[in-house]
Amino acid sequence: MPNKLWIAALALAIAPAAAQTPLERGKYLVEGVLTCGNCHTPRGPGGVLDTSKRHAGGPQVWETAEYRVHPSNITPHNETGIGRWTAGQIKTAIRDGRRPSGQQLSPQMPYAYYKIFAPADLDAVVAYMRSLPPAPRQVEPPVYKAKKMTVDVPPGATKPLPEAAMKDAAKRGFYLVTIGHCMECHTPVVNGHRDFTDALGTGGERFEGPWGVSVSRNITSHKADGIGAWTDNEVKRAITKGVRKDGTKLRPPMGYDWYARMTDADLSAIIAYLRTLPAR
Ligand code: HEC
Ligand code: HEC
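Just so it is clear, the model here is predicted, and its values are computed rather than measured.

Student: For this particular structure, what's the right way to read the coordination of the iron atom of ligand 2?
Tutor: Every protein donor of the iron atom of ligand 2 is accounted for by H186 (NE2) and M254 (SD), and the metal-donor separations fall at 2.0 to 2.2 Å. Metal-centred angles of 88 to 179 degrees between the 6 donor atoms at the iron atom of ligand 2 mark the site as octahedral. Of this pair, H186 sits in helix α7 (residues 182–186) while M254 sits in the loop between α9 (232–241) and α10 (256–259), placing them 68 residues apart in sequence. Take H186: its relative accessible area is 10%, and that puts it in the buried class. Its relative accessible area of 30% is what places M254 among the partly exposed residues.

Student: Would you mind showing me how to read the coordination of the iron atom of ligand 1 here?
Tutor: Six octahedrally arranged donors around a metal ideally form angles of 90 or 180 degrees; four tetrahedrally arranged donors ideally form angles of 109.5 degrees. Here the iron atom of ligand 1 is held by the protein donor atoms H40 (NE2) and M109 (SD), which lie 2.0 to 2.2 Å from it. Note that the iron atom of ligand 1 binds 6 donor atoms; their angles at the metal cover 87 to 179 degrees, and the shape is octahedral. With a gap of 69 residues between them, H40 in helix α3 (residues 36–40) and M109 in the loop between α4 (87–96) and α5 (119–131) connect regions that are remote in the sequence.

Student: Quick question: what am I supposed to make of the domain arrangement of the protein chain here?
Tutor: Interface extent is often summarised as the accessible area lost during association of the parts. In terms of domains, the protein chain is made up of domain 1 (20–151) and domain 2 (153–280). Counting from both sides, the interface comprises 26 residues of domain 1 and, opposite them, 32 residues of domain 2. Of the roughly 2,400 Å² buried at the junction of domain 1 and domain 2 (both faces included), carbon and sulfur atoms supply 64%. Seen at the junction of domain 1 and domain 2, the total is 0 salt bridges.

Student: I tried to follow the site of ligand 1 on my own but got confused; where do I start?
Tutor: Of all residues adjacent to ligand 1, which total 25 residues, the nearest are C36, C39, H40, R99 and M109. The separation between an oxygen atom of ligand 1 and a polar side-chain atom of R99 is 2.3 Å. The contact in question runs from an oxygen atom of ligand 1 to an N or O atom on the side chain of Y144, over 2.5 Å. Of all the elements in the fold, those that place two or more residues in the shell around ligand 1 are α3 and α4. Split into classes, the residues belonging to the shell around ligand 1 amount to 17 nonpolar, 7 polar and 1 charged.

Student: Got a minute to help me understand the pairing of strand β6 (residues 206–209) in this structure?
Tutor: Side-chain direction in a regular strand flips from residue to residue, so the side chains alternate between the two faces of the sheet. In this structure, β6 lies alongside strand β7 (residues 212–215), joined through 4 bridges in antiparallel fashion. Residue pairing for β7: F207 is matched across the bridge by S214. Between β6 and the antiparallel strand that follows it, β7, lie 2 residues.

Student: What exactly am I supposed to notice about the site of ligand 2 here?
Tutor: As a structural note, the neighbourhood of ligand 2 is formed by 20 residues, with C182, C185, H186, R244 and M254 the closest of them. R217 is positioned with one of its side-chain polar atoms (N or O) 2.8 Å from an oxygen atom of ligand 2. Side-chain polar atom of R244 to an oxygen atom of ligand 2: 2.5 Å apart, as the coordinates give it. For the shell around ligand 2, the secondary structure elements donating two or more residues are α7, β7 and α10. Top contributing element to the shell around ligand 2 by residue count: α7, with 3 residues.

Cut-offs used in this document
- Residues numbered from 1 in each chain as written.
- Chains lettered and ligands numbered in written order.
- Predicted model: local features only at pLDDT ≥ 70, side-chain atom pairs only at ≥ 80, totals over all residues.
- Heavy atoms only, no water.
- Donors = N, O, S within 2.8 Å, 3.2 Å for Na, K, Ca; no water.
- Tetrahedral: all angles 85-135°; square planar, octahedral: opposite > 155°, others 65-115°.
- Helix = DSSP H or I, 4+ residues; strand = E, 2+ residues; numbered from the N terminus.
- Buried < 20%, exposed > 50% of the residue type's maximum accessible area, 1.4 Å probe, protein only.
- Domains from an automatic or database assignment.
- Contact = heavy atoms within 4.5 Å.
- Buried area = accessible area lost by both parts, 1.4 Å probe.
- Salt bridge = Lys/Arg side-chain N within 4 Å of Asp/Glu carboxyl O.
- Near = heavy atom within 4 Å.
- Polar contact = N/O pair within 3.5 Å; in protein donor to acceptor, adjacent residues only side chain to side chain.
- Nonpolar A, V, L, I, M, F, W, Y, C, P; charged D, E, K, R; others polar.
- Pairing = 2+ DSSP bridges.

Structure follows, in structure tokens:
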């Protein structure tokens, strides 16, 4: 390589990271910790994501006693997606779980975990969603069987955290774990409500899919049942590569490929928070 290029490469390597634009921040969040596409991208045979139709909604269906829903087309397509929604309407859907018509969204869309969104991050997410290529794809309409659907908001997550808190690794980790809706999968439902009080992070939820059945694990600091005896690197490998401490492979629906795009600092913050979970 000619010398001049070497110097240019060096300069790049030592230059401080340029501040992210809102669009870059939105992409980092949506394609990383938020895993929006893990639900909103259609899956073909064998559960494989159809990456030619990212965020265009799914044939996947979730049915409970309260609802039967498919993930919506959230690309800016005017007829079949959210192309006609204003930025404010999209924010209301994400954070408050309400469509422009006023209809409550089913909690299968994890808006209970999005009330904590830092306003600038939510703006960034919306900016990114609106920049996606519009994909035409009609998704079957939802069926709501209950007048009001049960929504369990994690304690401490009903509103954005004070800005100062985001400088503390464990608190930032709590923020990331919340918007990453980790505890929705890793906390069991007891008597119709997610048991954040007595069973936060203890796992035990069953997920059926083309991968068979997977059961979420205990990710509290318990030494034997949780990840208390795992090193930080072992926890990072589990989150980003889907490999357990003993080397065995973890199965979906956890979005390992998305989490792999997180910065090391964000992964460390997540682990700092997980270490604070009481051992259970
Ligand atoms: C766990 C799966 C899941 C994740 C993760 C998820 N969603 Fe959803 N989302 C859904 C489902 C299911 C619906 C449809 C709910 C219904 O019809 O009641 C939905 C609905 C929506 C809607 C309303 C669209 C419409 O046409 O009514 C928007 C907007 C949306 N999601 C955006 C997002 C964004 C942005 C993210 C990432 C921050 C995200 N979703 C993450 C499952 C998910
Ligand atoms: C959509 C549901 C879902 C979400 C969201 C989710 N997980 Fe998981 N997670 C699982 C399941 C299921 C397993 C077990 C898979 C298996 O055994 O094959 C698992 C396994 C793990 C493991 C391995 C633990 C062990 O003992 O093997 C860790 C660590 C973990 N998750 C942490 C997280 C963190 C941190 C987040 C958020 C950034 C997260 N998970 C989000 C479902 C989820």
